[in-house]
Amino acid sequence: MRALSARVPWQTLRPLVRRHGSLADHRTLREFEDLRHHLVSEGADLDPELLVVRESSDGFGVFAGRAIQKGEVVASVPRRLVLEVPFAVQPRPAEALPFAAAAGGHGQWYDVMGFPAGRAAVTKAAERLIEEYHAGHNSPFKAYCAALPPPSVLPPPLHPLRRRWPLELLKASPMVERLYMEARSLNRECLEALAKIPDCSLELRCWALAAVITRNFALKGPTAGVSSLGLLPFIDLFNHQSSEGGKIPFTCSYQERHGCVVMVADRGIAKGEELTFVYAAAPDAALLIQYGIPPAASNFHNVAGIQIHSDVLGAEVRNVVRDWGWTDLTKPLLFTLPEAWQRGGLRISGAQPNLDRPHVPPPKQQTRRRGHRKRDHAPNHDGATLAVLVAWLEAALSRTPSRWQRCAPSEDSDLFAAVAVIAEREAEILEECLLETRRRLLAAELLLESFEAAREWQFCQTLALQREVPAVDRPFLKTLGYFLAEEAFRRASLRFLEKEKEEEEEEEEEE
Ligand SMILES: C[S@@+](CC[C@H](N)C(=O)[O-])C[C@H]1O[C@@H](n2cnc3c(N)ncnc32)[C@H](O)[C@@H]1O
């Protein structure tokens, strides 16, 4: 894998993780202590050794003031202290439309904002928060509102609700572009719905909406088929921890127990360690756009976006992709290639089948006989398909974001740096995928050549042998056939490796 510095520009030399920008957060530990007192007096159980600490100049987090054992409940808040809004759960479609899912439509949105009932609940919760804020001392959520970040840091500095992102920045990553554009329009929808509240400034609407979007918890609703969205005082001070490969660095998870929402330690936590949980198993681009969280040191869920325009497809394939669900061919399709495939050695099972889809018959053209097991839509890995994939990946990689890297204005530098890191990681995924697809293309070409040669040779050998070998020994010929094919495969592999080595040497010489 290439060194990160090869493409990441100047901004990333500064520490990125947990940087929140330079806006002032005026909260003091006093507000958190008041909140703790209020909650405990109302029946919450909060470990007195949980410390709320300002862990950077702009953000707070919860830290262990003592060693905590695996399984311990560190915080328990009764449901009646939660600002809660129920919403109807949408039944999940039995089989998601392959393209719609891959296209990064709302299916790729990681939160309640992804569907109308969820957005209505978000708006309702923001409306409730504004009411409580206006009620001031008379509100049962007075202490909670005081402990929330002030409008100077909520929306968080890197959040799309904070300000419009420069267009050149979006060019860096198709994933960022798609998620940002979606977030903008969905956020606008909620802000417009909130505009009906009298005497409510845009700043207050943005504050309340950002509080709900970045701090909501999904809870089980009062009745079956209904879920609810809750703002959980104190528990919402826990920060997010990205997943790093097979390791489980996060410390806690939340559960619902006997009318309370509880935070439970998922592993032993040392004194002084931060208590975190996973907000969403989402790539950095989604975490940035939903929560304003800058990219982590590593995130197992990262993906690369690759945009395919329908004009690269032949007329026949265009008809096929329509059946797959890519109905508006004027809009580019966003495929996502997971990073996870890299860990399985050279297997690219996650990435390629996604890209192969235009070359595979859509489901409705596949007939299935009764009693037969459903077959996967096996990707067609012939040379022609692989060549198309190579072209697409090369085109995706040629979107080198050079212009925005050079002209990054200083007030946006944290944002530019965050997107630069995301774009860099996406380029790495694309490069690995391109490398592997090129290898496969070469192997497919060589294999085809050698199989043709082998078939001819096998045929001649078989004819020659048939004359000499008695009929009883015919199965022997079959075995010999396999042997010959295998031998041809072995030789093709050797030729492939030799060719690859030659190419590497040539590359080295060029360098
Ligand atoms: C639920 S709140 C967590 C408490 C918050 N830090 C505070 O000071 O109130 C979520 C917000 O905290 C910040 N945050 C959470 N996890 C983070 C992380 N790993 N890195 C940077 N910021 C994070 C983001 O601004 C996010 O929108």
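The sections below set out a description of the structure shown in this document. (Residues numbered from 1 in each chain as written. Predicted model: local features only at pLDDT ≥ 70, side-chain atom pairs only at ≥ 80, totals over all residues. Heavy atoms only, no water.)

**Description of the packing of aromatic side chains**
What the rule picks out here adds up to ten aromatic pairs. Relative to tyrosine 180, the ring of tryptophan 165 lies with its centre 4.8 Å away and its plane at 25°, an arrangement referred to as stacked. In this pair, tryptophan 165 sits in the loop between helix H4 (142-147) and helix H5 (167-170) while tyrosine 180 sits in helix H6 (residues 174-194), placing the two residues 15 residues apart along the sequence. On the basis of relative accessibility, which here comes to 3%, the residue tyrosine 180 falls in the buried class. Ring centres of phenylalanine 217 and phenylalanine 277 lie 5.6 Å apart, and the angle between their planes is 25°; on these two criteria the pair is classed as stacked. Of this pair, phenylalanine 217 sits in strand S6 (residues 216-220) while phenylalanine 277 sits in strand S11 (residues 274-277), placing them 60 residues apart in sequence. Through successive ring pairs, a cluster of aromatic residues spans Phe217, Tyr254, Phe277, Tyr279 and Tyr291. (Phe/Tyr/Trp six-rings, centres within 6.5 Å; stacked < 30°, edge-to-face > 60°. Helix = DSSP H or I, 4+ residues; strand = E, 2+ residues; numbered from the N terminus. Buried < 20%, exposed > 50% of the residue type's maximum accessible area, 1.4 Å probe, protein only.)

**Quick word on the pairing of S6**
Bridge count for S6 against strand S7 (residues 226-231) is five bridges, and the pairing is antiparallel. Its bridge partner being in S7, phenylalanine 217 is matched across the sheet by glycine 230. A loop of five residues connects S6 with S7, the two strands running antiparallel in sequence, and glycine 225 in this loop sits at a positive phi of about 80°. (Pairing = 2+ DSSP bridges.)

**Considering the environment of alanine 120**
Position of alanine 120 relative to the elements: it lies in helix H3 (residues 116-135). A residue is classified by how much of its surface remains accessible, and alanine 120, at 47% relative accessible area, is partly exposed. Spatially, the C-alpha atoms of alanine 120 and glutamate 189 are 9.7 Å apart, while their sequence positions differ by 69 residues.

**Observations concerning the site of the ligand**
For the ligand, the set of nearby residues contains 18 residues, the closest of which are Arg27, Phe60, Asn239, His240 and Tyr291. A distance of 3.0 Å separates an oxygen atom of the ligand from a polar atom in the side chain of arginine 215. One nitrogen or oxygen atom from the main chain of histidine 240 is found 2.9 Å from a nitrogen atom belonging to the ligand. Of all the secondary-structure elements, those providing two or more residues to the shell around the ligand are helix H7 (202-215) and strand S8 (239-240). (Near = heavy atom within 4 Å. Polar contact = N/O pair within 3.5 Å; in protein donor to acceptor, adjacent residues only side chain to side chain.)

**What to know about the sheet that holds strand S4 (residues 73-78)**
Sheet architecture is open: four strands sit in the order S1-S4-S10-S9, paired in antiparallel fashion. This sheet does not close on itself; its edge strands, each paired only once, are strand S1 (45-46) and strand S9 (252-257).

**Topic: the nonpolar core**
By size, the foremost hydrophobic cluster in this structure holds 67 residues, and its most contacted members are Leu129, Phe238 and Leu275. Residues in contact with phenylalanine 238, not counting those within four places in the same chain, are Leu50, Val62, Val74, Cys252, Met263, Leu275, Thr276, Phe277 and Tyr279. Of all hydrophobic cores here, the second largest spans 27 residues; its members include Ala183, Ala286, Leu287 and Ile289. (Core = buried A, V, L, I, M, F, W, Y, C linked by side-chain atoms within 4.5 Å. Contact = heavy atoms within 4.5 Å.)

**Focus on helix H8 (residues 284-291)**
A turn of α-helix holds 3.6 residues, and therefore any two residues three or four places apart point the same way. In terms of residue burial, H8 counts as a mostly covered element, since eight of its eight residues are buried. For H8, the set of buried residues is Asp284, Ala285, Ala286, Leu287, Leu288, Ile289, Gln290 and Tyr291. Directly after H8, the chain includes glycine 292, whose backbone phi takes a positive value near 75°.

**Concerning the sheet that holds strand S3 (residues 60-64)**
Read from one edge to the other, the open sheet built from four strands follows the order S2-S3-S11-S8, with strand pairing classed as mixed. Of all the strands in the sheet, the pair left with one neighbour each is strand S2 (50-54) and S8. Relative to S11, S3 runs antiparallel, the two being bridged by two bridges. Along S11, the bridge assignment pairs phenylalanine 63 with glutamate 274. Sitting on the sheet, helix H1 (residues 29-41) is in contact with S2 and S3, with an inclination near 155° to S2. (Axes fitted to C-alpha atoms, helices over the stretch in contact; angles between N-to-C directions.)

**Describing a negative patch on the surface**
A cluster of like negative charges, contributed by Glu498, Glu502, Glu503, Glu504, Glu505, Glu506, Glu507, Glu508, Glu509, Glu510 and Glu511, occupies part of the molecular surface. Looking at the element boundaries, glutamate 510 is found in helix H14 (residues 474-510). (Patch = residues over 30% accessible without salt bridge, like charges linked within 9 Å, V, L, I, M, F, W, Y side chains within 5 Å. Areas by Shrake-Rupley, 256 points an atom, 1.4 Å probe, with all protein chains shown as cover. Salt bridge = Lys/Arg side-chain N within 4 Å of Asp/Glu carboxyl O. Lys, Arg positive; Asp, Glu negative; His and termini not counted. Charge placed at Lys NZ, Arg CZ, Asp CG, Glu CD.)

**Looking at the pairing of strand S5 (residues 83-88)**
Side chains Leu83, Val85 and Phe87 project from S5 onto a buried face, and the interleaved Glu84, Pro86 and Ala88 project onto a face without burial. By the bridge criterion, six bridges tie S5 to S7 in an arrangement that is antiparallel. Among the inter-strand pairings, glutamate 84 is bridged to a residue of S7, identified as glycine 230.

**Some details on unusual backbone geometry**
Cis geometry marks the peptide bond from leucine 154 to proline 155, where omega comes out at 5°. Structurally, proline 155 can be placed in the loop between H4 and H5. Positioned with a positive phi, aspartate 199 is a non-glycine residue whose angle comes to about 55°. Among the secondary structure elements, aspartate 199 is positioned in the loop between H6 and H7. Given the relative accessible area of 74%, aspartate 199 is considered exposed. Positive phi, normally seen in glycine, also occurs at phenylalanine 234, with a value near 70°. Relative to the helices and strands, phenylalanine 234 resides in the loop between S7 and S8. By relative accessible area, phenylalanine 234 is classed as buried at 0%.

Function cannot be inferred from these measures alone, as they are strictly geometric.
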